[in-house]
Amino acid sequence: MISVRLFTFLLIALPGVQATCGIDRRKVVRSFNPHRNASSKTTPLQVGNGNFAFGVDVTGLQTFSPFATMSTWGWHNFSLPTTNGQTSVDDFTGLDWWTHGRLVNYNQPNPAQNDISTWLIQNPQRVNLGMIGFWFNGDDVTEEILESKSQTLDLWTGKISSSFTYKGASVDVETWADSSSDTIGITVESELLSGGSLGIFFDFPLPTRNKFDAPFVGVFNATDKHTTSLQSGENSATIRHDLDATSYYVSIAWESEAEISGPVDGTHRYILKPSKAAKKIELAVAFSPVSDTRISSFNDITSASEAWWESFWKSGAFIDLSHIKSPDATELQRRTILSQYLTAVNSASSYPPQESGLVNNGWYGKFHLEMILWHLLQFARWNQFPLLWRSLPNMYTQYLDSSVDRAKAQGYDGARWGKMTDPTGRSAPGEINSLLIWQQPHPMYFAEIEYRSFPNETTLNSWDAVLTSTADFMVSYAFFNESTKHYDLGPPMYPASENTNPNATVNPAFELAYWRFGLDVAIRWKERQNLAVPDKWVEVRDNLAPLPISDDALAVYEGIPNMWKKTTVQDHPAMSAVFGLLPPPSSGPSLNMTIIKNTADKIRDLWDLEDCWGWDFPMLAMNSLRLGDIDQAVTYLLHPLFEFDDAGYPVGGSRVPTPYFPGSSSFLLAMAMMAGGWDGEPGMHFPEGWNARVEGFVPGL
């Protein structure tokens, strides 16, 4: 199946790129190479491949700032509780809520089962696999002591070049990541190596139960709670790290003569000391859940990285604003290039990414299924489908059975997708976690976007089971209101803003529009295959409750008190997505464009944007683009509260730690919309006079 997709991808993507051939992509990309002269307090520079990343401070390693080494597979569970009746995952019972006249069990913390409820929320958590840094022969050295510090990330090749001076001698470092394994390549060149003043250490932290571990993951002062062991070979060594029932291996290979020893007393730190004759050392460090002595050579790692990144930048879509004499254009270009690099490193994984990618841990390192639309849809819109296919639709297929079980236990048909989850497929207990619903139609959006570029049987077959079960749940969840003769959504439920009373929340605007969109796609999916469309799908779609209106604009939900005042204008302004992220409905009544325009105006003038973050601003920009207000779209994308740091990481702000990658990927979605347009209005939608150059975009929905 993948081979067919890749062949089709080449047929579609490459002609579009070759037809223009006017953009010097390498020049544009490299003009935004991040450069630092000191370590950031919040973000590293990273090398990685989507499933693995290594974050470094200004030395090119993790010498002074223990930034993380993280992977898709590196997870850990603390021991289960020993409390009677709470010693197993199966002991957890959740809570029952009245739902349209019947009791429904929801996956929420039970006060009578606090220990197992808490364990399920906190476990598993993602592991920082290890710290690698410079050893200065036991001297107490700080970053401030080092002189002439300089560091550059070459985005075109994935190489970090770092240099500094210590004791009058220069130290030059290169840091690379393999494109297809969890391996880094490091080269260090300095006279300090031969004098015994410089070596390399390896250290291992213990995971924590912190909801957020940022900017650093794990602790290094709880050495009695985990173990490490060393096995040495010829120019190689393997360190095994044991954390409760979790074990993994760090295999190290080096070219020149050196010795490794440790751990240093009271630590899990090991020291690699080059021989007296060495002035340069090259090493490869591989992280793996199983013991494997096969390690890529440093040269193989660099060659693979160079080839992969060049292929990445040359394929897919591209935007060039570099020739435009506008600070806004320059900043949009900077954010675009750096976001492309960082999402490839942090989000292109075999499972959906967590909000902070592979930089640090948020929500214990788990990923949120309502966020995957923001995280991953941009790969499709930028014609980087192979990166999307790493996780989708595989993740949905893998979680389908457990999602069917979740729906069945609640008395629904089909598959109810979870929220805060991990590779086990469990959805962590939580009131919001269990009552949020806007993740349910996501598979329809992904499938429809893929079909747009690959309208073939492979696409139809790969998504059919997922879309069928998703639609079955959606129509089963909708409740027929005998009074209005419409199908309602909720209560109880939380809308995307997550800040309303769940027992009062019914028929939220965005969710209603998204329900109709999802069922429209599901119905077309069957029709494309000449298969029967279930009558219930059509009945529910055609009789969904109307979008709620208050004061001649969309309301968060039907009957909300005091709409457009106080807390009703806080958090995510999801009504803007009704005409922005979503296209106009292809069935049922047309949108009232006066209402849609009034909604956009009220959000601009009345919404508490101080309470917004991340994907809110690109979502608002997409709404502005569809409404024809390109300047307002740029204003949202460059809003002072929507920040990106010097290396391109999206700043979390007061609500979440940095980085918050839904900001990066939703930004790329908005830029794709600006570059490629949408149905009915294809082509570029940049500010007047910009004369932007683009390649490889297909219009959005």
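Computed from a predicted model, the values in this text were never measured in an experiment.

Within the fold, Ser-347 resides in the loop between α6 (327–346) and β23 (361–362). What Ser-347 contacts, discounting residues up to four positions off in sequence, is Leu-342, Pro-353, His-375, Leu-376 and Phe-379.

This next bit is on the confidence of the model for the chain. Summing up the model confidence of the chain, the mean pLDDT is 95 and the portion of residues at 70 or higher is 97%. Overall, residues 1–20 carries pLDDT values under 50, and its contacts beyond four positions in sequence, including any with other chains, amount to 31 contacts.

Here the focus is the sheet that holds strand β2 (residues 45–48). Strand order in the open sheet formed by three strands is β2-β3-β4, with antiparallel pairing between adjacent strands. Of all strands in the sheet, those bounded by a partner on one side alone are β2 and β4 (69–71). Neighbour to neighbour, the strand axes of the sheet diverge by 20° on average, direction disregarded. Where strand β3 (residues 52–56) lies against β4, three bridges are found, and the strand directions are antiparallel. If you follow Phe-52 over to β4, its bridge partner there is Ser-71. The sheet strands contacting α6 are β2 and β3, and the helix crosses β2 at an angle near 55°.

So, about the packing of helix α9 (residues 394–409) against helix α12 (residues 457–477). Interhelical geometry of α9 versus α12 gives an angle of 25° and a closest axis separation of 10 Å. In terms of orientation, α9 and α12 fall into the roughly parallel class. Between α9 and α12 the crossing geometry is left-handed. Contacts from Tyr-396, Thr-397, Leu-400, Val-404 and Ala-407 of α9 reach α12 at Trp-463, Ala-465, Val-466, Ser-469 and Phe-473. Looking at side-chain class alone, the contact of α9 with α12 contains eight nonpolar, two polar and no charged residues.

Bringing the sheet that holds strand β9 (residues 131–135) into the picture now. The four strands are arranged β9-β14-β20-β19 in an open sheet whose pairing can be described as antiparallel. Across the chains shown, the open sheet's two edge strands, defined by having one partner strand only, are β9 and β19 (258–261). Along the sheet, successive strands turn relative to each other by an average axial angle of 20°, direction set aside. As paired strands, β9 and strand β14 (residues 199–203) are joined by five bridges and run antiparallel to one another. Paired with Ile-132 across the bridge in β14 is Phe-202.

The next subject is α12. Over its 21 residues, α12 extends 30 Å from the first C-alpha to the last, a length consistent with the 30 Å expected when each residue adds 1.5 Å. Of all bends in α12, the biggest is about 45°, found at Asp-464. The buried fraction of α12 amounts to 16 of the 21 residues, a majority that puts the element mostly inside the structure. Measuring from the side-chain oxygen of the N-cap residue of α12 to the backbone nitrogen of Thr-458 gives 3.2 Å; that N-cap residue is Asn-456.

Conventions we followed
- Residues numbered from 1 in each chain as written.
- Predicted model: local features only at pLDDT ≥ 70, side-chain atom pairs only at ≥ 80, totals over all residues.
- Heavy atoms only, no water.
- Helix = DSSP H or I, 4+ residues; strand = E, 2+ residues; numbered from the N terminus.
- Contact = heavy atoms within 4.5 Å.
- pLDDT = per-residue confidence, 0-100.
- Pairing = 2+ DSSP bridges.
- Axes fitted to C-alpha atoms, helices over the stretch in contact; angles between N-to-C directions.
- Parallel < 35°, antiparallel > 145°, perpendicular 65-115°, else oblique.
- Left-handed = near helix turned anticlockwise from the far one by under 90°.
- Nonpolar A, V, L, I, M, F, W, Y, C, P; charged D, E, K, R; others polar.
- Expected span 1.5 Å × (residues − 1).
- Bend = angle between axes of the 7 residues up to and from the residue.
- Buried < 20%, exposed > 50% of the residue type's maximum accessible area, 1.4 Å probe, protein only.
- Polar contact = N/O pair within 3.5 Å; in protein donor to acceptor, adjacent residues only side chain to side chain.

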